[in-house]
Amino acid sequence: MEGFLSLVMEPLREMLLKFRAFLPGFLAMLTIVVLGLFIAWLSKKILTKTLNALKFDSWCDRMGITALMRKGDLWAKPSEVTAAVIFWLLAAVSLMVGLNALNIQAIDNLVNKFFLYLPNVFSAVLILFVGYMVSGFLGRAVLIAVVNSGLGYAKLLSNSIRLLLSVLFLSMALEQLNVAPSIVISAFTIIFGGIVIALAVSFGVAGIETARKIIEGGKTEAEKHDKGDVEHL
Amino acid sequence: MADFYQTGIITTLHRLGNPSLERIEAELVEHAKARPVALVLPALYSEFEGKAMPGIIAELAKVRYINKIVLVLAKASEKEFANVGKLMSSIPYEVRIIHNDGKRIREIYGTFGRNGLDPGEDGKGRSAWLAYGYVIADGVCDVIALHDCDILTYSREMPARLCYPVVNPNLDYVFCKGFYSRVTDKMHGRVTRLLITPLVRSLRTLTKDHPFLTFLDSFRYPLSGEFCMTTDVARVNRIPSDWGLEVGALAEVYRNYSPRRICQVDIAETYEHKHQALSAEDPNKGLMKMTVDICKSVFRTLASEGVVFSDGFFKTLQAAYLRMAEDTIMKFEADAAINGLTFDRHEEAKAIEAFADGIGMAAQVFFENPMGTALIPNWNRVTSAIPGILDMLKKAVEEDNR
């Protein structure tokens, strides 16, 4: 009888011991997560007020960032979206730190990987932001230059430049995030290579006559100079 | 039958003989290939529950020259918006419904607000202005026609005659205003008959026929909510967002275009729509609000043209208006008598007294704030302030209609 009782009680006793060992870590995790969520919520509120005071939404409207968001059917204010992103980032960080408090090997590895990956995310966001500005700036510059030179297809050229630069910076961001890097690099090489070859072929074919005129014009000028310097009406 | 007298300094297109609707529509179908037409309909949801709207939808379904209908729906929930979509689905060509109270359009208005652009209070002016923006963003239509959605006597002859002068390249008007007689068993249109006409003529006397007043007096029904214009006019015009919309729109057209390119057209044998109560005691509602807003719009336009207003001027104006309006009553009484119409002289006189008070109130408001409520900025200014706004507006409407 005693043997039977000890067989029943022993696993329960072990479970209780394990639970007692686990409980402080679990409570620490809950505390960290709740505190982290509160800090994230507070940061969101402060950031929203700060961005409103700085007229961030109005700046985004003029820079075209709002228009980009609307193209993606995102209709919140840019300040709200920014604050929401910061909130969820802080919430994710607090969750990771909280999980770390459990002292479980597998979770520790996951948390380490998460924190090691964060800088890649930041640099990818920075690349996309800079890329958007640069492509917008160069696209506008090309538009103005082509319009001023009187050539046709100004808008087509400007949009093409903008698209090509967007593809370039998007590829850089994806490569930074380590999202199928070999596929991204191959796809980028094929697309850009294809565009360059197409431009070369089309310029070569279309420019044959022009090239001939330039060469023949150069020959005629050279012959004129050989005949002597005296010219008269 | 109407006469063929040309009134004032703009062209008047009469209804002469028995004009064939089929011929007008056939020509419009042909011309609209080069000059596509958008029909803008500012509407409240309550109008879809009324008697007029089903008739309007049935008539518009038979029209073949309109490229797109842009209906601006105000005071409607999501469910009501979906309901309107179903009701308009019987129209065989493109219909886009701008959900004024939807989250996307509300965010568009928010974008205007935070960039210092005020499209005014919720109302017909703002709704029409937003619809113009969508048509400009769409880039397809060259002509915009607009009419109300509470017309009980609607027929497709109305939009046909309204669009014809602007769509026909041989006529090539940039702006066309509809006019009609609002007669049932009695004369309606008190504000036009008893306020606008006597007021404008009194002002003409006091300002020695100021050109703007001569222009305004040329219109047979200046408060008509039916007009047609080119998209360029919609792009540059600034309009009031209150009841001064019609007069303010005419003022902008006067400032920006030659009277030779403006016309008015007889669009209906008879026209019947909702009537507003006089509400003589309350300047914030009914015809009194309309009176005050219209007078403010006229005064501010004249002030911007260099006319100097003083206390004595307004006192003289009120006296001149009362006299002119009383004479006008006599004329309408004679007109009603010969045509067998009911005419309540006492009611007409009460209306005139209320309108005279309205002129006084408008003068008071004008003195307190000569600049007044700013006009809605034109779309050229808006796109300069927010470069991607037209794309955003188009995207919002397309997503709402998906």
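Trainee: Lay out the interface of chain A and chain B with the relevant residues and their values.
Mentor: On the chain B side, the residues contacting the 11 residues of chain A number 13 residues. Looking at the side of chain A that touches chain B residue by residue, the classes come out as two nonpolar, three polar and six charged.

Trainee: I'd like to hear about the packing of helix H8 (residues 190-206) of chain B against helix H14 (residues 345-368) of chain B, residue by residue, with values.
Mentor: Residue and element names in this part refer to chain B. The geometry of H8 relative to H14 is characterised by a closest axis approach of 10 Å and an angle of 50 degrees between their N-to-C directions. When the axis of H8 is compared with that of H14, the two are oblique. Relative to H14, H8 is oriented so that their crossing is right-handed. Note on element contacts: H14 touches H8 through Glu348, Ala351, Ile352, Phe355 and Ile359, opposite Arg190, Leu194, Leu195 and Leu199. Its residues assigned to classes, the contact of H8 with H14 shows seven nonpolar, no polar and two charged.

Trainee: Tell me what's going on with the sheet that holds strand E8 (residues 262-268) of chain B, and back it up with residues and numbers.
Mentor: Sheets are built from strands paired through backbone hydrogen bonds, the pairs being either parallel or antiparallel. All names here are of chain B. Strand order in the open sheet formed by eight strands is E1-E8-E6-E7-E5-E2-E3-E4, with mixed pairing between adjacent strands. Looking at strand neighbours, the two that pair on one side only are strand E1 (11-13) and strand E4 (94-99), the edges of this open sheet. The sheet shows a mean angle of 20 degrees between the axes of neighbouring strands, direction not considered. Pairing of strand E5 (residues 143-146) with strand E7 (residues 227-230), which is carried by four bridges, proceeds in the antiparallel orientation. Directly across from alanine 145, in E7, lies its bridge partner cysteine 228. In the packing of helix H6 (residues 124-138) onto the sheet, the strands contacted are strand E2 (37-44), strand E3 (66-74), E4 and E5, and the crossing angle to E3 comes to about 140 degrees.

Trainee: Account for the nonpolar core, with residues named and values stated.
Mentor: Among the nonpolar cores identified, the biggest contains 127 residues, and Val37(B), Ile144(B) and Cys163(B) are the most heavily contacted of them. Residues contacting Ile144(B), with those up to four places away along its chain left out, are Ala38(B), Val40(B), Tyr132(B), Val135(B), Met229(B), Thr231(B) and Ala234(B). Membership of the second largest hydrophobic core comes to five residues, among which are Ala124(A), Ile127(A), Phe169(A) and Leu174(A).

Trainee: How would you summarise the confidence of the model for chain B if you had to cite specific residues and measurements?
Mentor: Of the residues in chain B, 96% have a pLDDT of 70 or more, and the chain-wide mean is 91. Here the predicted complex carries an ipTM of 0.77, next to a pTM of 0.82.

Trainee: With reference to specific residues and values, describe helix H2 (residues 56-63) of chain A.
Mentor: For H2(A), the set of buried residues is Phe56(A), Asp57(A), Ser58(A), Cys60(A) and Asp61(A). Packed against the buried residues of H2(A) are helix H1 (2-53), helix H3 (65-71) and helix H4 (78-100) of chain A together with helix H5 (103-114) of chain B. Looking one or two places after H2(A), you find Gly64(A), whose phi comes out positive at around 90 degrees.

Trainee: Pulling in residues and values, what's your account of the packing of H6(B) against helix H16 (residues 389-400) of chain B?
Mentor: Residues and elements named next belong to chain B. H16 packs onto H6 with a crossing angle of 100 degrees between their chain directions and a minimal axis gap of 9 Å. Comparing their axes, H16 and H6 come out roughly perpendicular. Across the interface between the two elements, Gly133, Tyr134, Ile136, Ala137 and Asp138 of H6 pack against Leu390, Asp391, Leu393, Lys394 and Val397 of H16. Residues that form the contact of H6 with H16 fall into these classes: six nonpolar, one polar and three charged.

Quick notes on the rules
Residues numbered from 1 in each chain as written. Chains lettered and ligands numbered in written order. Predicted model: local features only at pLDDT ≥ 70, side-chain atom pairs only at ≥ 80, totals over all residues. Contact = placed C-beta atoms within 7 Å. Nonpolar A, V, L, I, M, F, W, Y, C, P; charged D, E, K, R; others polar. Axes fitted to C-alpha atoms, helices over the stretch in contact; angles between N-to-C directions. Helix = DSSP H or I, 4+ residues; strand = E, 2+ residues; numbered from the N terminus. Parallel < 35°, antiparallel > 145°, perpendicular 65-115°, else oblique. Left-handed = near helix turned anticlockwise from the far one by under 90°. Pairing = 2+ DSSP bridges. Core = buried A, V, L, I, M, F, W, Y, C linked by C-beta atoms within 7 Å. Buried ≥ 20, exposed ≤ 12 C-beta atoms within 10 Å, placed from the backbone. pLDDT = per-residue confidence, 0-100.

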